[in-house]
Amino acid sequence: MSISHAPPDSLKPDISGISVTKATGGDTTDPPPAGLERLVPASARRTRVPRWLRRTTGPLLLLALWQLLSSTGALTAEVLASPGRIAEVAGDLIADGSLPAAMGTSLQRVAAGLLLGTLIGTGLALLSGLFRVGEDLVDASVQMLRTVPFAGLIPLFIIWFGIGEAPKVAVITLGVTFPLYLNVYAGIRGVDARLIEAGESLGLSRRGLVRHVVLPGALPGALTGLRYSLGIAWLALVFAEQINADAGIGFLMVQARDFLRTDVIVVCLIVYAFLGLLADFVVRSLERLLLQWRPTFTGR
């Protein structure tokens, strides 16, 4: 004789009102009952204004205010030229070739200083971050030297390297080295010790740990240091091109200062800002490419 263990209908749970969601992510929930509205998280709501438009609103409003003050006479041309005048001067400088030539010279100086500073700063950070002996020998000296203003070393660089391109590149190199050193060193020492233990338990050698655990963990800090170093590089370029320069954006600014040409000075400052923004965009693109494995919060 067989015995049935099925519960009576009165004891079966009522699951008619429970919604089911497929494992594939498709939502098969029934529509909410009449009188109820399904809640949607604020983070899931799409904004109607494109992001690029929101990002350009601030600069456009500032430009409009600038033009308004210039048109009403509240901002005279001797203090600051109007946006229209600056656009006209920029067109003239581009037409006669002086601005493209100055940009090319300045870019060469920044590229040389950035390359040398990256090699020196990253090399010292690896030596100090990976080895305790290297930290004892390097870190104290670097921490001491980084507090010295690099602009104050310009007279010493002139004595050492003369008045050619060498002191200009040296100033930019010095400005780039220390931010990279600090961020790469902090990135190496900030790697989770549990990841090191996990790598050792999997049989990784010291070289394998450095290659597969330490360097990928330090990469976000290194890219942050590179972005900061690029900003310092353009700042150092302004000082560097005051050293008996006969070409470059700084040379145009010096000439404009002597002739009280505020329009040319503003054009040069806009070029500095544009080149810095372009360099930052390149590094941020590298971050998105190299750090795809690291999900981060992008704001809401």
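Treat the numbers as computed from the prediction; the structure is a model and nothing was measured.

Engineer: Please provide a residue-by-residue account of the overall build of the protein chain, values included.
Structural biologist: When its secondary structure is counted, the protein chain shows ten helices and zero strands. Scored against the burial criterion, the 300 residues of the protein chain give a buried share of 30%. A fraction of 69% describes how many contacts in the protein chain between residues 6 or more apart in sequence connect residues 24 or more apart. For the protein chain, the accessible surface area stands at approximately 20,100 Å², while carbon and sulfur atoms represent 65% of it.

Engineer: With reference to specific residues and values, describe helix 6 (residues 165–189).
Structural biologist: For an α-helix, 3.6 residues make a turn, and residues three or four places apart therefore share a direction. Look at helix 6: 36 Å from first C-alpha to last across 25 residues, which is about the 36 Å you get at 1.5 Å a residue. For helix 6, the tally of buried residues reaches 19 of 25 residues, placing the bulk of the element in the interior.

Engineer: Which residues make up a positive patch on the surface, and what are the values?
Structural biologist: On the surface, Arg 51, Arg 54, Arg 55, Arg 284 and Arg 288 cluster together to form a positively charged patch. Broken down by secondary-structure element, the contributors of at least two residues to the positive patch are helix 1 (51–72) and helix 10 (262–290). With three residues, the single largest contributor to the positive patch is helix 1. Position of Arg 54 relative to the elements: it lies in helix 1. The partly exposed category is assigned to Arg 54, whose relative accessible area is 45%.

Engineer: Help me get a handle on the environment of Ile 196, residues and values and all.
Structural biologist: By secondary structure assignment, the location of Ile 196 is in helix 7 (residues 193–201). When its relative accessible area of 22% is taken as the criterion, Ile 196 is described as partly exposed. Sequence separation between Ile 196 and Arg 206 is ten residues; the distance between their C-alpha atoms is 9.9 Å. Those residues within four positions of Ile 196 in sequence are excluded, and the remaining contacts are Val 191, Leu 209, Val 213 and Val 214.

Engineer: Please provide a residue-by-residue account of a nonpolar patch on the surface, values included.
Structural biologist: A cluster of nonpolar residues, Phe 274, Leu 278, Phe 281, Val 282, Leu 286, Leu 289 and Leu 290, forms a patch on the protein surface that exposes about 660 Å² of accessible area. Topologically, Val 282 is positioned in helix 10. Residue classification places Val 282 among the partly exposed positions, given a relative accessible area of 45%.

Engineer: Before we move on, could you go through the environment of Ala 218 and cite the residues and values that matter?
Structural biologist: Summarising the element assignment, Ala 218 is placed in helix 8 (residues 206–240). With 34 residues separating them in the primary sequence, Ala 218 and Val 184 have C-alpha atoms 6.3 Å apart. In this structure, Ala 218 is in contact with Val 184, Gly 187, Ile 188 and Val 191, ignoring residues within four places of it in sequence.

Engineer: An account of the packing of aromatic side chains is requested, with residue identities and associated values reported.
Structural biologist: Describing an aromatic ring pair means giving the distance of the ring centres and the angle of the ring planes. Applying the stated criterion across every chain, the model contains four aromatic pairs. Between Phe 157 and Phe 161, the aromatic rings sit 5.8 Å apart at their centres with planes inclined by 50°, giving tilted as the arrangement. Residue Phe 157 and its partner Phe 161 are both found in helix 5 (residues 154–161); the two are separated by four residues, about one turn of the helix. The exposure class assigned to Phe 157 is buried, which follows from its relative accessible area of 8%. Considering the side-chain rings of Tyr 181 and Tyr 185, the 5.9 Å spacing of their centres and the 10° angle between planes classify their relative orientation as stacked. Here the residue Tyr 181 and the residue Tyr 185 both occupy positions in helix 6, the gap between them amounting to four residues, near one helical turn. Through a chain of ring-to-ring contacts, three or more aromatic side chains come together here, namely Phe 157, Trp 160 and Phe 161.

Engineer: Tell me about the pattern of salt bridges, residues and numbers included.
Structural biologist: Applying the stated criterion across every chain yields a total of seven salt bridges. Shared partners join several salt bridges into a network, and the residues in it are Arg 85, Glu 88, Arg 261 and Asp 263.

Engineer: So what about the packing of helix 3 (residues 98–130) against helix 8? Which residues, and what values?
Structural biologist: In contact at an axis separation of 10 Å, helix 3 and helix 8 are set at 145° when each is read in the N-to-C sense. Remark: the crossing between helix 3 and helix 8 carries right-handed chirality. Listed contacts from helix 8 to Ser 106, Leu 107, Arg 109, Val 110, Leu 114, Thr 118, Leu 126 and Leu 130 of helix 3 are Arg 206, Val 210, Val 214, Leu 215, Leu 226, Leu 230, Ala 233, Trp 234 and Leu 237. Considered class by class, the residues forming the contact of helix 3 with helix 8 number 13 nonpolar, two polar and two charged.

Engineer: Explain the nonpolar core to me, and be specific about the residues and the numbers.
Structural biologist: Among the nonpolar cores identified, the biggest contains 52 residues, and Val 171, Ile 172, Trp 234, Ile 249 and Val 267 are the most heavily contacted of them. For this core, the elements supplying multiple residues, two or more each, are helix 2 (83–95), helix 3, helix 4 (132–145), helix 5, helix 6, helix 8, helix 9 (249–258) and helix 10. Contacts of Val 267, omitting those with residues within four sequence positions, involve Ile 86, Val 89, Ala 90, Leu 93 and Leu 99.

Rules used in this analysis
Residues numbered from 1 in each chain as written. Predicted model: local features only at pLDDT ≥ 70, side-chain atom pairs only at ≥ 80, totals over all residues. Heavy atoms only, no water. Helix = DSSP H or I, 4+ residues; strand = E, 2+ residues; numbered from the N terminus. Buried < 20%, exposed > 50% of the residue type's maximum accessible area, 1.4 Å probe, protein only. Contact = heavy atoms within 4.5 Å. Areas by Shrake-Rupley, 256 points an atom, 1.4 Å probe, with all protein chains shown as cover. Expected span 1.5 Å × (residues − 1). Patch = residues over 30% accessible without salt bridge, like charges linked within 9 Å, V, L, I, M, F, W, Y side chains within 5 Å. Salt bridge = Lys/Arg side-chain N within 4 Å of Asp/Glu carboxyl O. Lys, Arg positive; Asp, Glu negative; His and termini not counted. Charge placed at Lys NZ, Arg CZ, Asp CG, Glu CD. Phe/Tyr/Trp six-rings, centres within 6.5 Å; stacked < 30°, edge-to-face > 60°. Axes fitted to C-alpha atoms, helices over the stretch in contact; angles between N-to-C directions. Left-handed = near helix turned anticlockwise from the far one by under 90°. Nonpolar A, V, L, I, M, F, W, Y, C, P; charged D, E, K, R; others polar. Core = buried A, V, L, I, M, F, W, Y, C linked by side-chain atoms within 4.5 Å.

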